[in-house]
Amino acid sequence: MPGMATRNVEKSFWIPSSGKNVFVCHHPGARPPGPPGVFVMCPTFGEEKNKSQRLYVELARAIADRGHEVYRFDFSGTADSSGSFDEATLADWRQNLADVISLARAEHEGCALGLIGLRFGCALTALEAGAAPGVEWLVHIAPAADVPRFMKRTLRGKLVKELLTDGHVHARRLPVERDAATPVIDLDGFPLSRALERELMGMNVLDVAGAFTGSVLIVHASRNPGLTADENALREHYSRAGAQVGVRKVCAEPYWSVHSVSSFDDIVREIVEWIGQP
């Protein structure tokens, strides 16, 4: 019908990044748009990536339907990108994000730029937003800012699953405490290298993230209405820097760890509404 926005065809391709081919999907903004922006979405990894993939795609499409350009990608060594997970490094993943941002800027010069992170992806977007010029919007969805704590909880969660499934755990100690000579850690079926484990366990985002003074949205997705320690720490960090910080609370299951079909409608709606604010 005349005047209605029309969803454009999504385009998938690969770009070179850190010696690998990184999968990118571009969701073109529907037309006619309002003042367009360009958003780059940064995923999490491991089993959380698998469980949040539908949210990742649904959110990208919803933002594009509002007339914005959206780019989502897979880290090298994961999903549809080339490389092996056990060879992945934190430097590679940070470069993947930087390269997709550069692509989005080059293809949509002059558009305002926003970064959206899911769980661990929030840690990388926090670092990038503080270092890269021109970022105006930053969205953190159920953020994992304290990466060492995030890793310990993930590894403990694996042991709990082993106990529930097999009646016992397959190791007497947490994987993070095992002999350092072990080449990889079984991270819920993903072979995490010792090198990447050390990088992640030493990643203190709030100590190294630069000052970001744009607009920030923290999405608290939980059945518990209280903000998490990471969410509170991020809110305080950005507020001190002079950013405009908003918090949206959504009553939802922890979609990154549940084994059920979750509805992401409320999360998507809150983010799209926030982006559309004047």
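Being a predicted model, the structure only gives us computed values, none of them experimental.

Caption draft 1: Expanded view of the environment of Pro28. Counting through the fold element by element, Pro28 comes out in the loop between strand E2 (20-27) and strand E3 (37-42). Separated by 32 residues in sequence, Pro28 and Ala60 place their C-alpha atoms 9.7 Å apart. Among all residues touching Pro28, those that are not within four sequence positions of it are Asn8, Val9, Glu10, Ala64, His68 and Glu69.

Caption draft 2: Region of interest: the packing of helix H1 (residues 46-65) against helix H8 (residues 265-275). Taken N-terminus to C-terminus, the directions of H1 and H8 make an angle of 35°; their axes are 10 Å apart at the nearest point. Judged by the twist between their axes, the crossing of H1 over H8 is right-handed. Seen from H1, the contacting residues are Leu55, Leu59, Ala62 and Ile63; seen from H8, they are Ile267, Val268, Ile271, Val272 and Ile275. Counted by class, the contact of H1 with H8 contains 9 nonpolar, no polar and no charged residues.

Caption draft 3: Region of the structure containing the pattern of salt bridges. The full count for this structure, using the stated rule, is 10 salt bridges. In this structure, Lys49 and Asp74 form a salt bridge, with 3.1 Å as the shortest nitrogen-oxygen distance. Taken together, the positions of Lys49 in helix H1 and Asp74 in the loop between strand E4 (69-73) and helix H2 (90-107) put the pair 25 residues apart, joining distant regions of the chain. When its relative accessible area of 8% is taken as the criterion, Lys49 is described as buried. Among the ionic pairs, Glu270 bridges to Arg248, the shortest N-O distance being 2.7 Å. Here Glu270, found in helix H8, pairs with Arg248, found in strand E10 (residues 244-250); they are 22 residues apart in sequence, far enough to count as distant. Residues Glu270 and Arg248 agree in their burial class; the two are buried. Bridged by salt links that share partners, the residues Asp146, Arg149 and Asp230 form one connected network.

Caption draft 4: Structural context of the confidence of the model for the protein chain. Confidence along the protein chain averages 87 in pLDDT terms, with 84% of residues attaining 70 or more. Taken as a whole, residues 172-179 scores under 50 in pLDDT and shows 16 contacts with residues more than four places along the chain or in a different chain.

Caption draft 5: Structural context of the nonpolar core. Judged by nonpolar contacts, the single largest core of 80 residues is most densely connected at Val40, Phe73, Phe120, Ile141, Leu200, Met203 and Ile267. Ile267 has contacts with Leu55, Ile141, Val219, Ala221, Val250 and Tyr255, leaving out every residue within four places of it along the chain.

Caption draft 6: Region of the structure containing the sheet that holds E4. In space, the 8 strands of this open sheet follow the order E1-E2-E4-E3-E5-E6-E9-E10, with mixed pairing throughout. Of all strands in the sheet, those bounded by a partner on one side alone are strand E1 (11-17) and E10. On average, adjacent strands in this sheet sit at an angle of 20° to one another, irrespective of strand direction. In the sheet, strand E6 (residues 135-141) pairs with strand E9 (residues 215-221) via 5 bridges, with the strands oriented parallel. Paired with Leu138 across the strands is Val216, a residue of E9. The strands touched by H2 are E1, E2, E3, E4, strand E5 (112-118) and E6; relative to E1, the strand with the most contacts, the crossing angle is about 120°.

Analysis parameters
Residues numbered from 1 in each chain as written. Predicted model: local features only at pLDDT ≥ 70, side-chain atom pairs only at ≥ 80, totals over all residues. Heavy atoms only, no water. Helix = DSSP H or I, 4+ residues; strand = E, 2+ residues; numbered from the N terminus. Contact = heavy atoms within 4.5 Å. Axes fitted to C-alpha atoms, helices over the stretch in contact; angles between N-to-C directions. Left-handed = near helix turned anticlockwise from the far one by under 90°. Nonpolar A, V, L, I, M, F, W, Y, C, P; charged D, E, K, R; others polar. Salt bridge = Lys/Arg side-chain N within 4 Å of Asp/Glu carboxyl O. Buried < 20%, exposed > 50% of the residue type's maximum accessible area, 1.4 Å probe, protein only. pLDDT = per-residue confidence, 0-100. Core = buried A, V, L, I, M, F, W, Y, C linked by side-chain atoms within 4.5 Å. Pairing = 2+ DSSP bridges.

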